[in-house]
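One letter stands for each residue in the lines below.
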Amino acid sequence: MSRPNGERRLHLKYGILAGAALASLVAGGPACAQDASESTLEEVVVTAQRRAETLREAPVAVSSIGGDGLLARGVTNLTDLRSQLPSVQIGENFTETRIAIRGVGSQGSLLGGSPAVAYHLNGVYLERTGVAAASFFDVDRIEVLRGPQGTLFGRNATGGSVNVITKRPTTEFGGLAAVTLGGEPLHSGLDLILNAPLNEDGTLAARFGLQHVYNEGFTKNLNRASGPGRFDDADSLALRGQIRFTPGGALETGLMLEYQRQNTAGPAPWLVGGPDFRITPAEQLGGTRPDKARREVFANQGFNDKTFAGATFDAALTTDAGRFEFLAAAHRTKIALRSDGDGTQALLTLTDADQVAKQGYTELIFRPELGARLDLLVGLNAFYEKADQLVEVRTPAFNRITIIDAAVTTTSYAAFAHGTWSLTDAWDVFGGLRYTFDRKAIAEANNFLGAGTNRANWDAVTYQVGTSYDLSRNVSAYLTYSTGFKGGGFQAGSFTQAFNPEKNRNLEAGVKGFYLDRRLELNLAAFRSSYQDLQVQQIRGVAAFTDNAAQATIRGLELEGRASLTRALTVDAVVSLLDAEFDEYFTIDSARPALGTLDLEGNRLPKAPKATATVGVSYRVELPGGDLTFGGRYNWQDRVYFTEFNLPVASQRAVGRFDLTAEYHTQDRAWTVGAYALNLTDEVVFNNINVVSATLGSAALANLDAGRKIGVFVRREF
């Protein structure tokens with residue numbers, strides 16, 4: 001299908017923007033040649049292919065942010081990552097944090113489906129991210145892989161994978177204490193970390209940590225008689241304890257226990273309108289739309305309590321034949337929430353939800369010793385989850401209640417292998433193969449539709465093939481072709497047959513490297529992904545349904561860069577250009593049934609803005625006894641649609657945000673004192689919009705990003 005001239009001009013404009021960002025990184029390089037020896041960039045080490053290698057050497061589209069980088073940028077949870085990475089959108093959706101990468105994500109809040117972006121914590125796949133991703137705590141680094149990653153990182157990674165790696169115990173005594181205090185709104189934080197050897201020879205070490213985060217809430221509630229005083233708040237406690245045994249030689253083992261709880265009012269309910277700008281039932285009953293600019297709502301109820309607990313055991317044994325790695329983990333998540341369904345004075349809808357999920361995950365990997373030219377791993381893993389969910393939607397105005405009760409069990413097994421063969425010192429070929437078997441079973445009840453059970457199985461073979469070549473000592477290029485698989489499932493409360501698995505194919509080429517005497521780093525990726533049976537959710541009547549869109553194609557260009565212009569001045573930039581459209585999708589919009597069957601060919605995929613860009617500048621001033629670093633970061637994104645119908649009422653217009661930071665470090669790096677002003681201009685930004693049932697007027701309800709946040713912190717390391 002040919003593109004109209006306006007769209008071609010739009011893509012040309014975005015190409016010019018990307019070129020301008022690239023030029024801004026390159027500019028100034030030659031003029032600063034005298035500082036080359038003091039301003040070179042350091043390599044970043046990642047484990048994107050389950051082995052330690054530099055970011056340049058990894059032939060995949062991967063971004064990595066270290067723990068210190070997260071602190072310097074004010075990133076405290078998963079949602080904050082969105083502005084730091086290319087082609088990534090993150091938002092809140094009922095019980096879960098939903099991630100979309102390159103336009104591929106999941107919207108469902110009821111049980112039965114699975115995410116399209118895999119979330120891993122220290123190598124353990126987590127099906128439920130609502131609590132685990134609420135705060136980043138004692139993190140070593142975060143790696144985000146874009147595109148299908150099913151071969152190495154398992155199930156449900158058609159969009160990509162997020163890997164959070166926390167710090168491990170070391171043999172040296174040390175730790176840190178950090179205190180944060182800020183206003184607008186009032187917020188505070190406390191971090192305590194202690195690392196210590198437990199015996200004289202240092203073979204046994206432990207690490208303990210505590211984090212408490214408080215925020216009074218960005219949104220004021222005008223109904224304090226029955227509702228909480230503020231929404232979009234935080235009150236969380238995280239604890240983690242680790243023991244690591246490294247006797248030297250062949251064996252290494254570790255045990256980690258962790259616990260998190262958060263007790264909040266939850267996200268504020270923002271009524272943003274109805275389809276075709278119609279008046280919603282809440283407004284017909286006398287309610288008024290909340291004032292986003294003042295961040296004030298009128299909510300009749302609200303709380304959101306979540307707990308997360310887990311234990312992870314890992315072991316590694318090195319023999320003459322190779323290295324064995326074993327991982328076993330168990331986690332439990334509990335969520336209880338109550339929300340107002342319209343955020344107005346009207347008593348239209350009130351929702352209660354309770355959810356408990358227990359999961360187990362185990363994995364065994366063998367890395368045979370095959371010589372310097374061949375790197376191979378083979379592995380097996382298994383996943384099991386049992387989740388129960390009870391949802392009650394009360395509509396006092398119509399004297400009606402909808403109850404959905406569901407229990408879903410998920411079982412998954414996989415066998416996989418991945419290898420890299422170095423044909424020469426500069427040229428590698430690599431590939432991987434994975435077999436996945438999924439089984440889901442559901443017992444569901446809907447007080448309007450009845451009760452029943454169902455089960456289904458799916459299996460798939462996914463693979464990756466590719467090659468990489470070192471164009472020079474500092475520059476590498478790669479070409480890959482990979483496939484992905486996201487299992488099918490059920491939509492709790494709808495009593496429909498299972499929806500089909502989602503499959504995709506991805507062709508990608510990239511160039512990574514350092515230039516100008518290693519003062520400039522540029523990583524560029526271009527890709528084309530084609531999807532079959534893309535899973536899309538809609539709410540119809542008293543139930544939610546998941547459809548399989550026939551086809552969708554996503555093309556994109558991603559750029560990440562860093563430049564050390566002088567010893568004091570550094571610049572970084574992230575640019576993403578996405579062309580993500582449905583190729584073939586016929587469906588009915590339950591909010592506008594009179595339109596009949598709609599042809600959505602050419603519509604953009606949800607959470608896939610055409611362009612995003614982030615530019616950061618850091619300037620360091622040396623002072624007696626230490627140094628002071630000033631930072632500024634600007635993030636801009638194009639319009640984002642949150643449904644497949646591309647309606648303005650369910651979208652976020654193009655918007656930009658600006659952050660400022662400052663940090664003073666003592667010369668021995670023991671003390672850090674800093675200040676920050678995040679979202680300096682207090683922009684109002686939607687991170688998710690859901691369109692509710694047509695029986696409730698198909699109102700669009702939104703969640704907002706954090707508003708302006710200003711504060712200071714002090715950190716002491718020892």
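1. Description of the overall build of the chain
Item 1. When its secondary structure is counted, the chain shows four helices and 41 strands.
Item 2. Its C-alpha radius of gyration of 25 Å places the chain within 12% of the 27 Å reference for a compact globule of 718 residues.
Item 3. Scored against the burial criterion, the 718 residues of the chain give a buried share of 56%.
Item 4. Considering only intrachain contacts with a sequence separation of at least 6, the fraction spanning at least 24 residues in the chain is 66%.
Item 5. Entry remark: accessible area of the chain is about 28,600 Å², with carbon and sulfur atoms responsible for 59%.
Item 6. Within the chain, the 78 negative side-chain charges are centred at a point lying 3 Å from the centre of the 70 positive side-chain charges.

2. Describing the sheet that holds strand E14 (residues 230–231)
Item 1. Taken in spatial order, the three strands make up an open sheet running E14-E13-E18, and their pairing is mixed. The open sheet has two edge strands, E14 and strand E18 (296–297), and neither has a second partner.
Item 2. Examined bridge by bridge, strand E13 (residues 219–221) and E14 share two bridges and lie antiparallel to one another. Bridge assignment links Thr219 to a residue of E14, and that residue is Phe231.

3. Section: the sheet that holds strand E40 (residues 700–704)
Item 1. Sheet architecture is open: three strands sit in the order E17-E40-E39, paired in antiparallel fashion. Pairing within the sheet leaves two strands with one partner each, and these edge strands are strand E17 (270–273) and strand E39 (686–691). Shown here is a sheet whose adjacent strand axes are inclined to one another by a mean of 35°, direction ignored.
Item 2. Both E17 and E40 contribute to a ladder of three bridges, which runs antiparallel. Bridge assignment links Trp270 to a residue of E40, and that residue is Ala702.

4. Brief notes about the layout of surface pockets
Item 1. Estimates place the volume of the second largest pocket at around 920 Å³.
Item 2. Lining the second largest pocket are 35 residues, with Asn122, Gly123, Arg168, Asp314 and Glu325 positioned closest to its centre.
Item 3. Of all the secondary-structure elements, those providing two or more residues to the lining of the second largest pocket are strand E9 (160–166), strand E15 (234–248), strand E16 (251–264), strand E19 (302–318), strand E20 (322–340) and strand E21 (350–368).
Item 4. Along the lines of polarity and charge, the residues of the lining of the second largest pocket split into 14 nonpolar, nine polar and twelve charged.

5. Some points on the pattern of salt bridges
Two side chains that carry opposite charge are able to pair once their charged atoms sit near each other.
Item 1. Applying the stated criterion across every chain yields a total of 39 salt bridges.
Item 2. Note that Arg141 and Asp140 form a salt bridge whose closest N and O atoms lie 2.8 Å from each other.
Item 3. Residue Glu143 is joined to Arg141 by a salt bridge in which the shortest nitrogen-to-oxygen separation is 2.7 Å. For the residue pair Glu143 and Arg141, the accessibility class agrees, reading buried in each case.

6. A look at empty space enclosed by the protein
Item 1. This structure, assessed with the given rule, holds 14 cavities of 30 Å³ or more.
Item 2. Taken as a whole, the second largest cavity spans an internal volume of roughly 100 Å³.
Item 3. Those elements that place two or more of their residues in the lining of the second largest cavity are helix H3 (150–153) and strand E26 (475–486).
Item 4. The element that contributes the greatest number of residues to the lining of the second largest cavity is H3, accounting for four residues.
Item 5. Split by residue class, the lining of the second largest cavity holds six nonpolar, eight polar and no charged.

7. Points about a nonpolar patch on the surface
Item 1. A cluster of nonpolar residues, Leu370, Leu374, Trp421, Leu423, Trp427, Tyr469, Leu471, Val511, Tyr515, Leu516, Leu524 and Leu557, forms a patch on the protein surface that exposes about 1,000 Å² of accessible area.
Item 2. On the secondary structure map, Leu370 appears in the loop between E21 and strand E22 (374–395).
Item 3. Judged by its relative accessible area of 43%, Leu370 is partly exposed.

8. Focus on the packing of aromatic side chains
Item 1. Using the criterion set out here, one finds six aromatic pairs in the structure.
Item 2. A cation over a ring is seen here: Arg102 above Phe527, with NZ or CZ 3.7 Å from the ring centre.
Item 3. Its end group placed over the ring of Phe514, Arg518 keeps NZ or CZ at 4.1 Å from the ring centre.

9. What to know about the side chain of Arg518
Item 1. For Arg518, the location among the structural elements is in the loop between strand E27 (502–515) and strand E28 (520–540).
Item 2. A distance of 2.9 Å separates a polar atom in the side chain of Arg518 from a polar atom in the side chain of Asn474.
Item 3. Among all residues touching Arg518, those that are not within four sequence positions of it are Ser39, Thr40, Leu41, Glu43 and Asn474.

10. Thoughts on the environment of Ala382
Item 1. Looking at where Ala382 falls in the secondary structure, it is placed in strand E22.
Item 2. Each C-alpha atom, one on Ala382 and one on Thr307, is 24 Å from the other, the two residues being 75 residues apart in sequence.
Item 3. If we ignore the near neighbours within four places in the chain, the residues touching Ala382 are Gly360, Tyr361, Thr362, Ser412 and Tyr413.

11. A closer look at the confidence of the model for the chain
Item 1. For the chain, mean pLDDT is 88; residues scoring 70 or higher make up 92% of the total.
Item 2. Within the model, pLDDT remains below 50 along residues 1–37, and this stretch shows 43 contacts once partners closer than five positions in the same chain are excluded.

12. Things to note about unusual backbone geometry
Item 1. Omega for the bond connecting Glu184 with Pro185 falls within 30 degrees of zero, at 0°, which places this linkage in the cis form.
Item 2. Summarising the element assignment, Pro185 is placed in the loop between strand E10 (174–183) and strand E11 (187–197).
Item 3. Backbone geometry at Asp138 places phi at a positive 55°, although glycine is not the residue there.
Item 4. With respect to the helices and strands, the residue Asp138 is situated in the loop between strand E7 (124–126) and strand E8 (139–146).
Item 5. Since its relative accessible area comes to 13%, Asp138 is described here as buried.

13. Digging into the side chain of Asp342
Item 1. Inspection of the secondary structure puts Asp342 in the loop between E20 and E21.
Item 2. Side chain to side chain, Asp342 and Thr344 meet in a polar contact 2.5 Å long.
Item 3. Among all residues touching Asp342, those that are not within four sequence positions of it are Pro269, Leu271, Ala282, Leu348, Thr349 and Leu701.

14. A short note on the pairing of strand E5 (residues 96–101)
Item 1. For E5, a buried count of six out of six residues is recorded, marking the element as mostly surrounded by other parts of the structure.
Item 2. Because side chains alternate across E5, one face comprises the buried residues Glu96, Arg98 and Ala100, and the other comprises Thr97, Ile99 and Ile101, equally buried.
Item 3. Where strand E4 (residues 88–93) and E5 come together, six bridges link them in antiparallel fashion. Bridge pairing in E5 places Glu92 opposite Thr97.

15. Here we look at the nonpolar core
Item 1. Among the nonpolar cores identified, the biggest contains 35 residues, and Leu534, Ile554, Phe582, Leu605, Phe686 and Ile689 are the most heavily contacted of them.
Item 2. Of all the secondary-structure elements, those providing two or more residues to this core are E17, E28, strand E29 (543–564), strand E30 (569–584), E39 and E40.
Item 3. Per-element tally for this core: the top contributor is E28, with four residues.
Item 4. Here Leu534 is in contact with Glu502, Asp547, Asn548, Ala549, Ala552, Phe582 and Leu605, once residues within four sequence places are set aside.

What counts, and at which threshold
Residues numbered from 1 in each chain as written. Predicted model: local features only at pLDDT ≥ 70, side-chain atom pairs only at ≥ 80, totals over all residues. Heavy atoms only, no water. Helix = DSSP H or I, 4+ residues; strand = E, 2+ residues; numbered from the N terminus. Rg over C-alpha atoms; globule rule 2.2 N^0.38 Å. Buried < 20%, exposed > 50% of the residue type's maximum accessible area, 1.4 Å probe, protein only. Contact = heavy atoms within 4.5 Å. Areas by Shrake-Rupley, 256 points an atom, 1.4 Å probe, with all protein chains shown as cover. Lys, Arg positive; Asp, Glu negative; His and termini not counted. Charge placed at Lys NZ, Arg CZ, Asp CG, Glu CD. Pairing = 2+ DSSP bridges. Axes fitted to C-alpha atoms, helices over the stretch in contact; angles between N-to-C directions. 1 Å grid on protein atoms, 1.4 Å probe; cavity = no way out; pocket = protein on both sides within 12 Å on 5 of 7 lines; lining within 4 Å. Points joined across faces, edges and corners; volume = space filled by probe spheres on them. Nonpolar A, V, L, I, M, F, W, Y, C, P; charged D, E, K, R; others polar. Salt bridge = Lys/Arg side-chain N within 4 Å of Asp/Glu carboxyl O. Patch = residues over 30% accessible without salt bridge, like charges linked within 9 Å, V, L, I, M, F, W, Y side chains within 5 Å. Phe/Tyr/Trp six-rings, centres within 6.5 Å; stacked < 30°, edge-to-face > 60°. Lys NZ or Arg CZ within 6 Å of the ring centre and 35° of its normal. Polar contact = N/O pair within 3.5 Å; in protein donor to acceptor, adjacent residues only side chain to side chain. pLDDT = per-residue confidence, 0-100. Core = buried A, V, L, I, M, F, W, Y, C linked by side-chain atoms within 4.5 Å.

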